[in-house]
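Observations on chain architecture
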Amino acid sequence: MKRLLFTLILVLLLAACKQEPSVGPLPTQTVTSPAALFPRTEAAQRALFEQEANMELIIDMDTALREEITAYLNAHLDPARPLTDQTTVLNALRAALPNAGDNCTLLPTDLDSDGSDELIVWNCANMPVGLLFTSGKDGYTAHPLPVTKTDTWVWPQLWFGTIQAQDVTGDSRPELFLSYVLPGGSMTTEKLNVLSWNGRDFQTCFYAELINWVGPSTWKLASNPIGGQDIVLRYPYFYPTGFEAKMISHPWAVQRWQWDPFLERYTPRETMRYPESVLSDSGAEWELLRVLVNEAELHYQAGDLERALVAYQDVVNRAASVERPQERTANWPAYARFRIAQVQAMLGQTDAARAGLKALLSDLDEDSNLRPLVQVFYDTYDPARPDADLRATAALHGLRLYEQFYWHDDRPGDLTFPMNMRTILWPGTPLARYLDAHPQAAQGSPSSEQEQALLSALSELGFPVTEVRITDLNADGLSEVLVTTDETDQPNGFRSIWLLTQTGNRWRSARQPNADGNLSEDLTEESLPDGRIVLRQGDSVFLWTGKTLVEVDPQTYEPLPPAWPRVGVPTSQSSSLPAFQPTSNLSNHRT
């Protein structure tokens, strides 16, 4: 019996030696009662809503929120454990924040791939901006997520939009997508930021303003075959130099931006216009004709007269099966017929131009306000005289069209809203055609005598030219010409500078960037040591590359990165050159 008892005890002892040691229950993280965790934040919120909101109160609340959240994180988070394993503490933080709201987001993510998570606090406790918390040897530190002071001023109208973290550049590190939404009287604007975090500060990879003025402006990600993901913007398109207004239909356009690892930022890949998409609006067939006229105007303004001729004729052909609305509206096919005759005259198609003008006059009503335009061109266009097409085009400037159109809009007729005389007259195209017909006018070494001769010749034809400058901007041996037209003596008239350049054995034109209706600042020239000449207008400096006019750094003269997009509203009439690069495929326009 003693032997048996001894054996049993020995077996039990051996079995106990083979068992895993018991560690008991894991210690849990405890969180102090939330009642008194955020007293300063609660007091600041109360003051903000009891008093008139101002920047001082906003800063007080923002400061209190970031300091009290920092203290909370330092007190309750274990720096040795990933944040994703500490959801209890984060959930308690969300519950403790005063007025946190249902959309309060706490997002742990390793933005700089250093093995340690950062914490994003977003849309919580009526905060004016989001916060990024990083951990170091001294604990957690708060960093505000980018938002401009101007935007912060409109808080609490500032809304929180998107927040997500993912790798879109292909560098194996997540980028931060965040957007704020600003409401307005007739629109909301989503300000989208794509940011990278290097452990010290944010770098902007992409920024866009998506404005919902006449329809939704949206963004999405799309794969790129060369790596990374493109950012795709879809928005209502406004033709910058066409016939446009808010309360009409607009076609869709799509921009694609791709990641450039050399520049470390997104750059424009392409812009596509879809004119036919305007048909998605009920009864928009007549609006499609306006959109197609705008497409044709781009060709005309760029000096691609042969393409313009085809595009205007397409408008006329389509109009044959479209009924004109009963209410007062622009007569797009009649205007296209006038433009066809004008272009035919510029291309030397004399008989066709005369016949087209005569037929159009017979079809127009006697009281049509398009008739004076056609009649003056027809009466002035005498092929027996030199520069007949240019004389007829210049004669249009003597009609005081600005006054007729804007001050006599109650007259029945064919020129009406949303047409404008700036686009109809567009003197840059005939000015370039003059240099095509008289190449000697800008050949050789530029001189004041040559400039005065060209000024006199253009003025004699009837163009409202007040200044001519001939210069070789990019030092390639070919001259460029700057021509100033001034029609400010007429109601709603304007002053513009046209840059005439030689491209593909043809002169072309566009308005000088940043030239507003009054051209409030003079355009000056400045020579560089290598012989090139830059153009200065206020704080902006431009350089002609031989293909396009680019804005450059005022000190280094290096080209500035492409401007971030602002879509969904009209762009300036003075868009950067080359403003117009349309293709002939009307269903899929790429610029």
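Now for a quick tour of the structure. (Residues numbered from 1 in each chain as written. Predicted model: local features only at pLDDT ≥ 70, side-chain atom pairs only at ≥ 80, totals over all residues. Heavy atoms only, no water.)

1. Digging into the state of the cysteines
This is how it is decided: Note that a disulfide, as used here, is simply two cysteine sulfur atoms within 2.5 Å. The helix and strand labels rest on DSSP assignments: H or I over at least four residues marks a helix, E over at least two residues marks a strand, and numbering proceeds from the N terminus. Here's how the labels work: a residue is buried when its accessible area is under 20% of the maximum for its type, exposed when over 50%, partly exposed in between, all with a 1.4 Å probe on protein chains only.
All chains considered together, the criterion is met by one disulfide. The residue that forms a disulfide with Cys-104 is Cys-124, at a sulfur-sulfur distance of 1.9 Å. Here the S-S torsion is close to 90°, and the disulfide linking Cys-104 with Cys-124 is therefore right-handed. Taken together, the residues Cys-104 in the loop between helix H4 (87-96) and strand S1 (105-109) and Cys-124 in the loop between strand S2 (118-122) and strand S3 (131-136) connect sequence positions 20 residues apart. Look at Cys-104 and you get buried, because its relative accessible area is 6%. Judged by relative accessible area, Cys-124 falls into the buried class, the value being 0%.

2. A closer look at the packing of aromatic side chains
What counts here: Working definition: rings of Phe, Tyr and Trp (its six-membered ring) pair if their centres are within 6.5 Å, and the pair is stacked with planes under 30 degrees apart, edge-to-face with planes over 60 apart, and tilted otherwise. Lysine and arginine charges are scored as sitting over a ring when NZ or CZ, respectively, is within 6 Å of the ring centre and within 35 degrees of the ring normal.
Counted according to the given criterion, the structure contains 18 aromatic pairs. Taking the centre distance of 5.9 Å and the plane angle of 90° together, the rings of Phe-338 and Phe-377 count as edge-to-face. Of this pair, Phe-338 sits in helix H8 (residues 332-346) while Phe-377 sits in helix H10 (residues 371-380); the two residues are 39 residues apart in sequence, bridging distant segments of the chain. Exposure class is identical for Phe-338 and Phe-377. Each is buried. Through successive ring pairs, a cluster of aromatic residues spans Phe-206, Trp-257, Trp-259, Tyr-266 and Trp-564. In this structure, Arg-354 packs its charged tip against the face of Tyr-378, placed 4.1 Å from the ring centre.

3. Here we look at the pairing of strand S20 (residues 549-552)
Put simply, the test is: A pair of strands is considered paired only if DSSP assigns at least 2 bridges between the two.
Bridge count for strand S19 (residues 540-544) against S20 is four bridges, and the pairing is antiparallel. Bridging from a neighbouring strand, Leu-543 pairs with Val-550 of S20. Hairpin geometry of S19 and S20 is characterised by an intervening segment of four residues between the two adjacent antiparallel strands and by a positive phi of about 100° at Gly-546.

4. Examining the sheet that holds strand S6 (residues 175-183)
Spatially, five strands are ordered S5-S6-S7-S8-S21 in an open sheet, and the strand pairing comes out mixed. Each of the sheet's edge strands pairs with one partner strand only, and the pair in question is strand S5 (159-166) and strand S21 (566-567). Sheet topology note: the strand S8 (residues 202-211)/S21 ladder contains two bridges and is parallel. Along S21, the bridge assignment pairs Glu-209 with Arg-566.

5. Here we look at the nonpolar core
For clarity, the cut-off: We define the nonpolar core as a collection of buried residues of types Ala, Val, Leu, Ile, Met, Phe, Trp, Tyr and Cys that are connected through side-chain atoms lying within 4.5 Å of one another. Contacts are residue-level and defined by heavy atoms, with any inter-residue pair within 4.5 Å sufficient.
Grouped together as the largest cluster of nonpolar side chains are 94 residues, with contacts concentrated most on Phe-206, Leu-233, Leu-435, Leu-454, Val-468, Val-481 and Leu-500. Element by element, the count of residues in this core is highest for H8, at ten residues. Not counting residues up to four positions away in its chain, the partners in contact with Leu-233 are Phe-206, Ala-208, Leu-210, Thr-218, Trp-219, Ala-253, Val-254, Gln-255, Trp-257 and Pro-565. In this structure, Leu-65, Tyr-72, Ala-100 and Val-129 belong to the second largest nonpolar core, which totals 41 residues.

6. Observations regarding unusual backbone geometry
At the junction of Phe-417 and Pro-418, the peptide bond is cis and its omega measures out at 5° in the coordinates. Among the structural elements, Pro-418 can be located in the loop between helix H12 (401-407) and helix H13 (421-425). Backbone geometry places Ala-475, a non-glycine residue, at a positive phi of 55°. For Ala-475, the position within the fold is in the loop between strand S13 (465-471) and strand S14 (480-486). In this structure Ala-475 comes out as partly exposed when scored by relative accessible area, which is 40%.

7. Details of the pattern of salt bridges
Counted only if it meets this: What makes a salt bridge here is a side-chain nitrogen of Lys or Arg within 4 Å of a carboxyl oxygen of Asp or Glu, nothing more.
If you walk through the whole model with that rule in mind, you get 23 salt bridges. Taking the shortest distance from any N to any O, the salt bridge between Arg-273 and Glu-295 comes out at 2.8 Å. With Arg-273 in strand S12 (residues 265-274) and Glu-295 in helix H6 (residues 285-302), this pair connects stretches of sequence that are 22 residues apart. The residues Arg-273 and Glu-295 share a single accessibility class, namely buried. In this structure, Asp-314 and Arg-318 form a salt bridge, with 3.0 Å as the shortest nitrogen-oxygen distance. Here Arg-318 and Asp-314 lie together in helix H7 (residues 305-319), a separation of four residues that amounts to about one turn. One network of salt bridges, with partners in common, ties together Lys-191, Glu-209 and Arg-566.

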